[in-house]
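Next come the chains, spelled out residue by residue.
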Protein chains: 2
Amino acid sequence: MTKLYVVGIGPGSYEQMTLQAIHALQTCDVIVGYTVYVDLVKAHFADKVFLTTPMRQEVERVRLALETAQSGKTVAMICSGDAGVYGMSGLCEELAKAYPSVEIETIPGVSAVLSGAAILGAPLMHDFAVVSLSDLLTPWETIEKRLLAAAEADFVICLYNPASRKRKDYLMRACDLVLRFASPDTVCGIARNIGREGESITVLPLKELRETEVDMFCTVFIGNSQTKVVNGKMVTPRGYVYA
Amino acid sequence: MTKLYVVGIGPGSYEQMTLQAIHALQTCDVIVGYTVYVDLVKAHFADKVFLTTPMRQEVERVRLALETAQSGKTVAMICSGDAGVYGMSGLCEELAKAYPSVEIETIPGVSAVLSGAAILGAPLMHDFAVVSLSDLLTPWETIEKRLLAAAEADFVICLYNPASRKRKDYLMRACDLVLRFASPDTVCGIARNIGREGESITVLPLKELRETEVDMFCTVFIGNSQTKVVNGKMVTPRGYVYA
């Protein structure tokens with residue numbers, strides 16, 4: 001048996017990797033990933049062989065990793081954030097059926113819902129829903145249904161992939177759906193370039209979020225009915241009582 | 001200004017902490033936490049002062065941390081998993097208003113929704129909802145509403161606090177709510193003692209999950225309509241097409 005580690009590297013800085021992820025990248029022979037993520041780790045693991053594939057070639061990337069592992073190398077497939085949240089761990093498990101000599105181990109990492117929340121303050125704290133606005137692999141009707149359900153049940157909502165060049169108005173459409181149930185003054189937050197150069201946050205009401213242009217480096221948080229602004233941060237109370 | 005780090009230590013093993021969390025615990029003077037979590041890290045930071053409070057004394061614990069920081073010490077408040085997911089970061093931000101000389105920095109960690117998913121395979125992968133079944137701080141009606149909404153919109157659902165001594169039948173009640181919309185054969189998973197001694201997983205259909213007794217060391221995953229079993233693991237396809 002050879003090993004394929006599917007590794008969540010966190011938001012991007014070496015400091016936000018887990019020790020387990022660092023050790024997997026240290027012990028493997030080959031690191032496979034999307035070009036941008038490989039560039040994030042390359043300097044720290046300079047003696048490794050790196051194999052990259054461009055965006056949207058996920059099936060090819062996973063097969064490359066599995067074939068390399070089958071040939072006897074220990075391989076680490078890296079994903080930004082967590083490998084299991086819109087990452088590669090699912091596809092690795094699915095395609096591994098054809099490579100019975102390869103054992104898969106997923107190493108979790110700090111996904112943007114957690115790292116973004118940390119710089120915004122404490123927006124989650126309570127029950128929350130994570131929804132991707134990308135309709136590349138999911139029909140928009142499904143996304144719409146989930147946004148409406150999450151808003152109606154007063155979940156804190158975290159939006160991944162809130163925009164791209166081709167989907168400029170998707171955040172506005174998502175806000176309009178949430179506004180059917182939530183107040184226009186609902187406290188929201190944008191976390192940008194988490195853990196990387198140019199990291200920044202914006203805390204703003206839902207009615208303003210609707211008018212805001214975001215890009216693919218943003219993760220968006222929509223509070224629940226209890227979320228408030230505390231010292232400029234976005235905070236959802238858990239419900240503790242104090243004098 | 002003095003610093004209060006609110007640190008997510010991950011599921012429990014030193015290996016699953018981020019470097020950033022380790023560095024915060026190394027540089028602080030005092031580590032504050034719930035007794036059980038302090039015991040998890042104590043051996044690795046033996047030269048620190050430790051202050052503990054029992055369960056359910058969260059307000060006292062946060063005030064202790066803030067007062068210690070205000071006295072000039074650098075303090076780290078530790079939480080299991082992530083500090084912002086049913087953790088202490090919200091209460092720290094709220095109570096910090098009375099301690100203006102203390103600056104709060106939250107350091108995210110690998111929460112059970114991510115670490116549990118990693119050992120089960122790839123149950124999340126797509127949009128998901130996180131719901132705590134504890135009704136200590138949340139009315140059961142709110143929990144019920146969220147479970148129904150998440151099930152109707154076909155979210156993968158992750159349940160925190162699925163049971164306690166006083167809430168033995170809560171998982172059964174939650175399953176019955178989900179069963180109003182989901183098939184009894186929906187693939188589910190239980191992750192137990194994640195990252196600790198006795199770590200184990202169970203993959204089973206929803207109708208069997210309903211009959212299963214869990215405890216406070218379990219995190220429960222209920223798949224969406226597409227979730228399947230692959231090589232004994234729980235996998236939710238993202239939607240990639242492959243031959």
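Residues numbered from 1 in each chain as written. Chains lettered and ligands numbered in written order. Predicted model: local features only at pLDDT ≥ 70, side-chain atom pairs only at ≥ 80, totals over all residues. Heavy atoms only, no water.

## Some remarks on the packing of aromatic side chains
Part 1 of the reasoning: Per the stated rule, a full pass over the model turns up 8 aromatic pairs over all chains.
Part 2 of the reasoning: Seen in terms of ring centroids, B:Tyr34 and B:Tyr37 are 5.1 Å apart; in terms of plane orientation they differ by 85°. Their pairing is edge-to-face.
Part 3 of the reasoning: You can call B:Tyr34 buried: its relative accessible area is 15%.
Part 4 of the reasoning: The class of B:Tyr37 is partly exposed, set by a relative accessible area of 21%.
Part 5 of the reasoning: One cation-aromatic arrangement involves A:Arg146 over B:Phe155; the distance from NZ or CZ to the ring centre is 5.8 Å. (Phe/Tyr/Trp six-rings, centres within 6.5 Å; stacked < 30°, edge-to-face > 60°. Buried < 20%, exposed > 50% of the residue type's maximum accessible area, 1.4 Å probe, protein only. Lys NZ or Arg CZ within 6 Å of the ring centre and 35° of its normal.)

## Regarding the pattern of salt bridges
Residue and element names in this part refer to chain A.
Part 1 of the reasoning: Counted under the stated rule, the structure contains 22 salt bridges over all chains.
Part 2 of the reasoning: Across the salt bridge formed by Glu213 and Lys168, the nearest N and O atoms sit 3.9 Å from each other. Placement of the pair is Glu213 in the loop between helix 8 (206-209) and strand 11 (218-222) and Lys168 in the loop between strand 8 (156-160) and helix 7 (170-178), with a sequence separation of 45 residues.
Part 3 of the reasoning: For Glu213, a relative accessible area of 64% gives the class exposed. (Salt bridge = Lys/Arg side-chain N within 4 Å of Asp/Glu carboxyl O. Helix = DSSP H or I, 4+ residues; strand = E, 2+ residues; numbered from the N terminus.)

## Structural notes on the sheet that holds strand 1 (residues 2-8) of chain A
Residues and elements named next belong to chain A.
Part 1 of the reasoning: Spatial strand order, 3-2-4-1-5: 5 strands in an open sheet with parallel pairing. One side of each edge strand has no neighbouring strand; the edge strands of this open sheet are strand 3 (49-53) and strand 5 (102-107). Between one strand and the next, the sheet's axes are offset by a mean angle of 20°, whatever the strand orientation.
Part 2 of the reasoning: Here strand 1 pairs with strand 4 (residues 75-79) via 5 bridges, running parallel. Paired with Val6 across the two strands is Met77, which belongs to strand 4.
Part 3 of the reasoning: Across the face of the sheet, helix 1 (residues 19-27) comes into contact with strand 1, strand 2 (30-34), strand 4 and strand 5 while running at roughly 140° to strand 1. (Pairing = 2+ DSSP bridges. Axes fitted to C-alpha atoms, helices over the stretch in contact; angles between N-to-C directions. Contact = heavy atoms within 4.5 Å.)

## Examining the nonpolar core
Part 1 of the reasoning: With 62 residues, the main nonpolar core has A:Leu159, A:Leu209, B:Leu159 and B:Leu209 as its most contacted residues.
Part 2 of the reasoning: By size, the runner-up hydrophobic cluster in this structure holds 38 residues, among which are A:Leu114, A:Ala117, A:Cys158 and A:Val187. (Core = buried A, V, L, I, M, F, W, Y, C linked by side-chain atoms within 4.5 Å.)

## Remarks on the sheet that holds strand 13 (residues 233-235) of chain A
Residue and element names in this part refer to chain A.
Part 1 of the reasoning: Strand order across the open sheet formed by 3 strands is 6-13-12, with mixed pairing between neighbours. Two strands in the sheet have a free side with no partner beyond their single neighbour: strand 6 (121-122) and strand 12 (228-230).
Part 2 of the reasoning: Relative to strand 13, strand 6 runs parallel, the two sharing 2 bridges. Note that in strand 13 the partner of Gly121 across the bridge is Met234.

## A closer look at helix 6 (residues 140-152) of chain B
Part 1 of the reasoning: In this model, helix 6 of chain B (13 residues) spans 18 Å end to end at C-alpha, consistent with the 18 Å of a helix rising 1.5 Å per residue.
Part 2 of the reasoning: For helix 6 of chain B, the complete set of buried residues consists of B:Trp140, B:Ile143, B:Arg146, B:Leu147, B:Leu148, B:Ala149, B:Ala150 and B:Ala151.
Part 3 of the reasoning: Along its buried surface, helix 6 of chain B packs onto helix 6 (140-152) of chain A together with strand 7 (128-132), strand 8 (156-160) and helix 7 (170-178) of chain B.
Part 4 of the reasoning: In the segment just after helix 6 of chain B, B:Asp154 is the residue with positive phi, at about 60°. (Expected span 1.5 Å × (residues − 1).)

## Let's talk about the pairing of strand 7 (residues 128-132) of chain A
Part 1 of the reasoning: Of all 5 residues that make up strand 7 of chain A, 5 are buried, and the element is covered over most of its length.
Part 2 of the reasoning: Residue alternation in strand 7 of chain A divides its side chains into two sets, A:Phe128, A:Val130 and A:Ser132 and A:Ala129 and A:Val131, and both sets are buried.
Part 3 of the reasoning: Bridge count for strand 7 of chain A against strand 8 of chain A is 5 bridges, and the pairing is parallel. What sits directly across from A:Val130, in strand 8 of chain A, is A:Cys158.
Part 4 of the reasoning: You can see the chain leave strand 7 of chain A, run along helix 6 of chain A and come back into strand 8 of chain A, and the turn it takes is right-handed.
Part 5 of the reasoning: In this sheet, strand 7 of chain B lies alongside strand 7 of chain A in antiparallel orientation, the contact comprising 3 bridges. Each residue of the ladder has a partner; that of A:Ala129, found in strand 7 of chain B, is B:Ala129. (Right-handed = clockwise from strand over helix to strand, strands pointing away.)

## Quick look at the environment of A:Ile104
Part 1 of the reasoning: Take A:Ile104: it is sitting in strand 5.
Part 2 of the reasoning: A relative accessible area of 10% places A:Ile104 in the buried class.
Part 3 of the reasoning: Along the chain, A:Ile104 and A:Ser89 lie 15 residues apart, while their C-alpha atoms are 8.8 Å from each other.
Part 4 of the reasoning: Beyond its immediate stretch of four places on either side in the chain, A:Ile104 contacts A:Leu4, A:Val6, A:Cys92, A:Glu93, A:Ala96 and B:Lys233.

## A short note on the confidence of the model for chain A
Do not read the fine detail of predicted coordinates wherever pLDDT is low.
Part 1 of the reasoning: Summarising the model, chain A shows a mean pLDDT of 95, and 100% of its residues fall at 70 or more.
Part 2 of the reasoning: Model confidence for the complex: the whole-complex pTM is 0.97, and ipTM, which rates the interface, is 0.97. (pLDDT = per-residue confidence, 0-100.)

## Concerning the relation of the copies chain A and chain B
Part 1 of the reasoning: The operation relating chain A to chain B is a screw motion whose rotation component is 180°, with 0.0 Å of axial translation and a residual RMSD of 0.0 Å. Between the two chains, the operation in question is that of a two-fold axis.
Part 2 of the reasoning: Of all interface residues in chain A, 100% are interface residues in chain B too; the two copies therefore contact each other through one and the same surface. (Least-squares fit on C-alpha atoms with pLDDT ≥ 70 in both.)

## Considering the interface of chain A and chain B
Part 1 of the reasoning: Of the residues lining the interface, 70 residues belong to chain A; the matching set on chain B comes to 70 residues.
Part 2 of the reasoning: Of all residues in chain A, A:Leu137, A:Arg146 and A:Tyr240 bury the most surface against chain B, accounting for 12% of the area lost on that side.
Part 3 of the reasoning: Taken together, the links from chain A to chain B amount to 8 salt bridges.
Part 4 of the reasoning: Of the charged contacts, one joins A:Arg146 and B:Asp127 as a salt bridge, the two residues approaching to 2.9 Å between their closest N and O atoms.
Part 5 of the reasoning: Ranked by residue count, the leading element in the side of chain A that touches chain B is helix 4 (residues 89-95) of chain A, at 6 residues. (Buried area = accessible area lost by both parts, 1.4 Å probe.)

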